[in-house]
Amino acid sequence: MRYEVLGPLRVIDEGGSTSISARKVETVLTAMVIRADQVVALDQLITEIWDDAPPRRAMAGLHVYISQVRKFLARPGQEENPVLTRPPGYLLRKGTDDIDFHIFRRLADRGRACIRERRYEEAADALEQALELWRGQTLGDVRTGPIVGGFVRWMTELRLECLEMLGDAYLRLGRHRELVGWLYSLIAENPLREVYYRQLMLALYRSDRKADALRVYQSARSTLREELGLEPCQALRDMQRAILSADERLDLRVAS
């Protein structure tokens, strides 16, 4: 089987894709997939489902939801259900199954390593594969307790980092012209992410659009001052000065 959480939760097997419509059952399975091969305590699962206001019969309800998760994951010929009872709670045994965010992390790590080693083509390939695993917002609209909420924030940040690394790899490969529209889109979605402004300024400058590059700086400065009361970071200010002075270090041949 393959568990997928980089989008709405679903499980893939030989029969196709299946998902859970009951929210509380989905929450239990989600928490266990995130913590695969680790015991998730009963009180942790109760908090994920009901936050700080569990009903009087919360424990009985949790046992029902675990039973439904086991039924959902049961497959013909399966020797043992992947959901195991392990005090003080339950454990989802991964075994030979795949989990998409584990694959995503491996690809992201490979891309990061390739960038450090200046293997930019390989870095771009790994990062593109990592980002292709995303099917939408992490876990769709499931937003509950500390396990799921913390995971969503972690994956969201890691995805943004992957996009940053991919942008850097493309710039190193001389793909600045095709980057421009992509970076404008990323800035629209993440207007406080300064690295995207810096990358866009460089991509525009290398595309012989110096004036547009400087306008991007002014847009970033205006947004940051209005939203946070802050000036742009040092890297962004350095990029503006380098563009104004036509610093030769911005040239692709020198930067490479």
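For the structure, see preceding data.
Notes on the structure in this doc start here.

Thresholds, definitions, all that
- Residues numbered from 1 in each chain as written.
- Predicted model: local features only at pLDDT ≥ 70, side-chain atom pairs only at ≥ 80, totals over all residues.
- Heavy atoms only, no water.
- Helix = DSSP H or I, 4+ residues; strand = E, 2+ residues; numbered from the N terminus.
- Rg over C-alpha atoms; globule rule 2.2 N^0.38 Å.
- Contact = heavy atoms within 4.5 Å.
- Areas by Shrake-Rupley, 256 points an atom, 1.4 Å probe, with all protein chains shown as cover.
- Lys, Arg positive; Asp, Glu negative; His and termini not counted.
- Charge placed at Lys NZ, Arg CZ, Asp CG, Glu CD.
- Axes fitted to C-alpha atoms, helices over the stretch in contact; angles between N-to-C directions.
- Parallel < 35°, antiparallel > 145°, perpendicular 65-115°, else oblique.
- Left-handed = near helix turned anticlockwise from the far one by under 90°.
- Nonpolar A, V, L, I, M, F, W, Y, C, P; charged D, E, K, R; others polar.
- Pairing = 2+ DSSP bridges.
- Patch = residues over 30% accessible without salt bridge, like charges linked within 9 Å, V, L, I, M, F, W, Y side chains within 5 Å.
- Salt bridge = Lys/Arg side-chain N within 4 Å of Asp/Glu carboxyl O.
- Buried < 20%, exposed > 50% of the residue type's maximum accessible area, 1.4 Å probe, protein only.
- 1 Å grid on protein atoms, 1.4 Å probe; cavity = no way out; pocket = protein on both sides within 12 Å on 5 of 7 lines; lining within 4 Å.
- Points joined across faces, edges and corners; volume = space filled by probe spheres on them.

**Some points on the overall build of the protein chain**
Moving on, step 1. For the protein chain, the count of helices and strands is eleven helices and seven strands.
Moving on, step 2. Taking 18 Å as the expected radius of gyration for a compact globule of 256 residues, we find that the protein chain reaches 23 Å, considerably beyond that expectation.
Moving on, step 3. Seen through its C-alpha atoms, the protein chain measures out along the principal axes to roughly 70 × 40 × 25 Å.
Moving on, step 4. Partitioning the contacts of the protein chain with sequence separation of at least 6, the portion at a separation of at least 24 is 62%.
Moving on, step 5. Working note: accessible area of the protein chain is about 13,400 Å², and carbon and sulfur atoms make up 48% of it.
Moving on, step 6. Measuring between centres, the 39 positive side-chain charges of the protein chain sit 2 Å from its 38 negative side-chain charges.

**What to know about the packing of helix 7 (residues 176-189) against helix 8 (residues 194-206)**
Moving on, step 1. Across the interface, helix 7 lies against helix 8 with an axial gap of 9 Å and an inter-helix angle of 150°. In terms of orientation, helix 7 and helix 8 fall into the roughly antiparallel class. For the element pair helix 7 and helix 8, the recorded crossing hand is left-handed. Of the residues in helix 8, those in contact with H176, R177, L179, V180, L183, Y184, L186 and I187 of helix 7 are Y196, Y197, Q199, L200, A203, L204 and R206.
Moving on, step 2. Grouping the amino acids of the contact of helix 7 with helix 8 by side-chain chemistry returns eleven nonpolar, two polar and two charged.

**Examining the sheet that holds strand 1 (residues 2-4)**
Moving on, step 1. In spatial order, the strands read 3-2-1-7; together these four strands make up an open sheet with mixed pairing. With partners counted over all chains shown, the strands left at the sheet margins are strand 3 (16-18) and strand 7 (98-99), one partner each.
Moving on, step 2. For strand 2 (residues 10-13) and strand 3, the ladder comprises three bridges, and the chain directions are antiparallel. Following the sheet pairing, D13 is matched in strand 3 by G16.

**Focus: a nonpolar patch on the surface**
Moving on, step 1. On the surface, a nonpolar cluster with roughly 270 Å² of combined accessible area is contributed by L192, L228 and L230.
Moving on, step 2. Owing to a relative accessible area of 40%, L192 belongs among the partly exposed residues under this scheme.

**Side note on the environment of L192**
Moving on, step 1. Position of L192 relative to the elements: it lies in the loop between helix 7 and helix 8.
Moving on, step 2. The spacing of L192 and V83 is 109 residues in sequence and 41 Å in space, taken between C-alpha atoms.
Moving on, step 3. Leave out the neighbours within four places in its chain, and L192 touches T223, L224, E227 and L228.

**Some points on the sheet that holds strand 5 (residues 83-86)**
Moving on, step 1. Strand order in the open sheet formed by three strands is 4-6-5, and the pairing between neighbours is antiparallel. Of all strands in the sheet, those bounded by a partner on one side alone are strand 4 (39-41) and strand 5. The sheet shows a mean angle of 35° between the axes of neighbouring strands, direction not considered.
Moving on, step 2. Here strand 4 pairs with strand 6 (residues 89-92) via three bridges, running antiparallel.

**Considerations on the layout of surface pockets**
Moving on, step 1. In this structure, the largest pocket encloses a volume near 240 Å³.
Moving on, step 2. Of the residues contributing to the lining of the largest pocket, the split by class is two nonpolar, three polar and six charged.
Moving on, step 3. In this structure, the second largest pocket spans a volume of roughly 190 Å³.
Moving on, step 4. Along the wall of the second largest pocket there are eleven residues; nearest its centre are W134, Q137, T138, T156 and R159.
Moving on, step 5. In terms of residue count, the dominant contributor to the lining of the second largest pocket is helix 6 (residues 146-172) (four residues).
Moving on, step 6. Tallied by class, the residues present in the lining of the second largest pocket amount to three nonpolar, five polar and three charged.

**Examining the environment of G167**
Moving on, step 1. Relative to the helices and strands, G167 resides in helix 6.
Moving on, step 2. Owing to a relative accessible area of 0%, G167 belongs among the buried residues under this scheme.
Moving on, step 3. Spatially, the C-alpha atom of G167 lies 9.1 Å from that of L200, the residues being 33 residues apart in sequence.
Moving on, step 4. Setting aside its immediate chain neighbours within four residues, G167 contacts L179, W182 and Q199.

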